[in-house]
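# Structural description and commentary
Here is how the chains run, residue by residue.
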Amino acid sequence: MITIIGIIPARLAASRFPNKPMTPILGMPMIGHVYHRAKMCPYLNDVWVATCDEEIFNYIKSIGGKAVMTADTHQRASDRAAEAVVKIERIEGLNVDYVAMIQGDEPMLMPGMINDLIDPVIKDPNLKITNLINEISTKEEFNSANVVKVVLDLNDFVLYFSREPIPSKRKYKGVLPMWKQLGIILFDKNLLLEYINLPPTPLEIIESVDMNRLLEHGRRIKMVKTKFKSCGVDVPSDVAFVEKHLKTDPLIEKYLRA
């Protein structure tokens, strides 16, 4: 029996959207929505929030959740998750096999998305990392630097990540397969700990995409297509869109108005 925990890295200091995790959405901090919805995934043995901010830590504790304090020097979510899993193993006295890293700005997260992420590993234990993707449906998304685009090989392993619009539409007249990374990634714990000790790489820095570090060091990343639609909150203007959709979301009744 494998042990899989969800870790939600979160911090208040962000250049594009300061205090984002605690931004109210339908009266609840964004991080609260993500935490409650991740807890609904049956494949996860537990869910933790990893943060360097006492405000987030205290809030998660106040709703009966689990949180762990991490260093305030991390610039990447994966670095924070790696520190957290080591501390969680020590606190809980357990051995974690996989870490589902869930972005704290995904308040529309569906538990089925995490199920989709984990299913390939259950079927093939040799997989060390899976990464959830969704089809891009608008030109605005395709051109947005806030959206990480993904190009796949014929077996759904990633070839490249970029914030630029790829693959190029300039010389192609058909319907392009356009995919975006959702920021929900399943790591074999040992790969996660190995990853943070790999030196940063040129394409990781140029594209500002963590996962390019693994590609540049020769690792393979299995991408998993999901039918579930989600919209992350990248900038303040995204909040109104998310609130509109969450008002009719049936999961809301299970935690917001419980």
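Residues numbered from 1 in each chain as written. Predicted model: local features only at pLDDT ≥ 70, side-chain atom pairs only at ≥ 80, totals over all residues. Heavy atoms only, no water.

Secondary structure assignment for the protein yields 10 helices and 11 strands. With the principal axes as the frame, the protein shows a C-alpha extent of 55 × 40 × 35 Å. Counted over contacts in the protein with a minimum sequence separation of 6, partners at least 24 positions apart contribute 69%. Summing over all exposed atoms, the protein offers an accessible surface of approximately 12100 Å²; the carbon and sulfur share of this is 54%. The positive charge centre, built from 33 side chains, and the negative charge centre, built from 32, are 4 Å apart in the protein. (Helix = DSSP H or I, 4+ residues; strand = E, 2+ residues; numbered from the N terminus. Contact = heavy atoms within 4.5 Å. Areas by Shrake-Rupley, 256 points an atom, 1.4 Å probe, with all protein chains shown as cover. Lys, Arg positive; Asp, Glu negative; His and termini not counted. Charge placed at Lys NZ, Arg CZ, Asp CG, Glu CD.)

As a further point, take the layout of surface pockets. Of the pockets and cavities examined, the largest pocket occupies roughly 1500 Å³. Lining the largest pocket are 50 residues, with R16, K20, Q103, D105 and D234 sitting closest to its centre. Looking at the lining of the largest pocket, the elements that each hand over two or more residues are β1 (4-10), α3 (77-92), β7 (129-135), α5 (139-143), β10 (179-188) and α9 (238-246). Ranked by residues supplied to the lining of the largest pocket, first place goes to β10 with 5 residues. For the lining of the largest pocket, a count of residues per class yields 18 nonpolar, 16 polar and 16 charged. (1 Å grid on protein atoms, 1.4 Å probe; cavity = no way out; pocket = protein on both sides within 12 Å on 5 of 7 lines; lining within 4 Å. Points joined across faces, edges and corners; volume = space filled by probe spheres on them. Nonpolar A, V, L, I, M, F, W, Y, C, P; charged D, E, K, R; others polar.)

Counting 45 residues, the largest nonpolar core has I8, L44, V49 and I102 as its most contacted members. Those residues within four positions of V49 in sequence are excluded, and the remaining contacts are I8, A10, I31, Y35, I56, I60, K66, A67 and V68. Core analysis: the next-biggest nonpolar cluster, separate from the first, contains 33 residues, A82, I185, F187 and I221 among them. (Core = buried A, V, L, I, M, F, W, Y, C linked by side-chain atoms within 4.5 Å. Buried < 20%, exposed > 50% of the residue type's maximum accessible area, 1.4 Å probe, protein only.)

For the rest of this paragraph, the subject is helix α1 (residues 30-39). What sets the pattern is the α-helix's 3.6 residues per turn: residues three or four places apart point alike. Counting buried positions along α1 gives 8 out of 10 residues, so the element sits mostly inside the fold. Along α1, the residues classified as buried are M30, I31, G32, H33, V34, Y35, R37 and A38.

The end-to-end C-alpha distance of α3 is 22 Å, a good match for the 22 Å that 16 residues give at a rise of 1.5 Å each. Taken as a whole, α3 has its buried residues at S78, D79, R80, A81, A82, A84, V85, I88 and E89. If you follow the buried residues of α3, they end up packed against β1, β4 (46-51), β5 (66-69), β6 (98-102) and α6 (189-195). Taken from the residues just after α3, G93 is the one with a positive phi, measuring 65°. (Expected span 1.5 Å × (residues − 1).)

The subject of this paragraph is the pattern of salt bridges. All chains considered together, the criterion is met by 15 salt bridges. With a shortest N-O distance of 3.4 Å, E92 and K66 are connected by a salt bridge. Pair noted here: E92 is in helix α3 and K66 is in strand β5, with a separation of 26 residues, a long-range link. What makes K66 partly exposed here is its relative accessible area of 27%. The salt bridge involving D210 is made with R76; its shortest N-O contact spans 3.2 Å. (Salt bridge = Lys/Arg side-chain N within 4 Å of Asp/Glu carboxyl O.)

A word on a nonpolar patch on the surface. A surface patch of nonpolar side chains, amounting to about 240 Å² of accessible area, comprises I2, Y43 and I122. If you trace the backbone, Y43 turns up in the loop between α1 and β4. Take Y43: its relative accessible area is 32%, and that puts it in the partly exposed class. (Patch = residues over 30% accessible without salt bridge, like charges linked within 9 Å, V, L, I, M, F, W, Y side chains within 5 Å.)

Another aspect to go through is the environment of P18. By the element assignment, P18 lies in the loop between β1 and β2 (24-25). Taking the C-alpha atoms as reference, P18 lies 27 Å from L186; in sequence the two are 168 residues apart.

Turning next to the side chain of R80. Along the chain, R80 turns up in helix α3. The buried charged residue R80 lacks any salt bridge, with E83 as its nearest oppositely charged partner at 5.9 Å. Ignoring anything within four residues of it in the chain, the contact list for R80 reads P9, A10, R11, A50, T51, C52, T70, A71 and H74.

The values reported here are purely geometric and, on their own, carry no functional implication.
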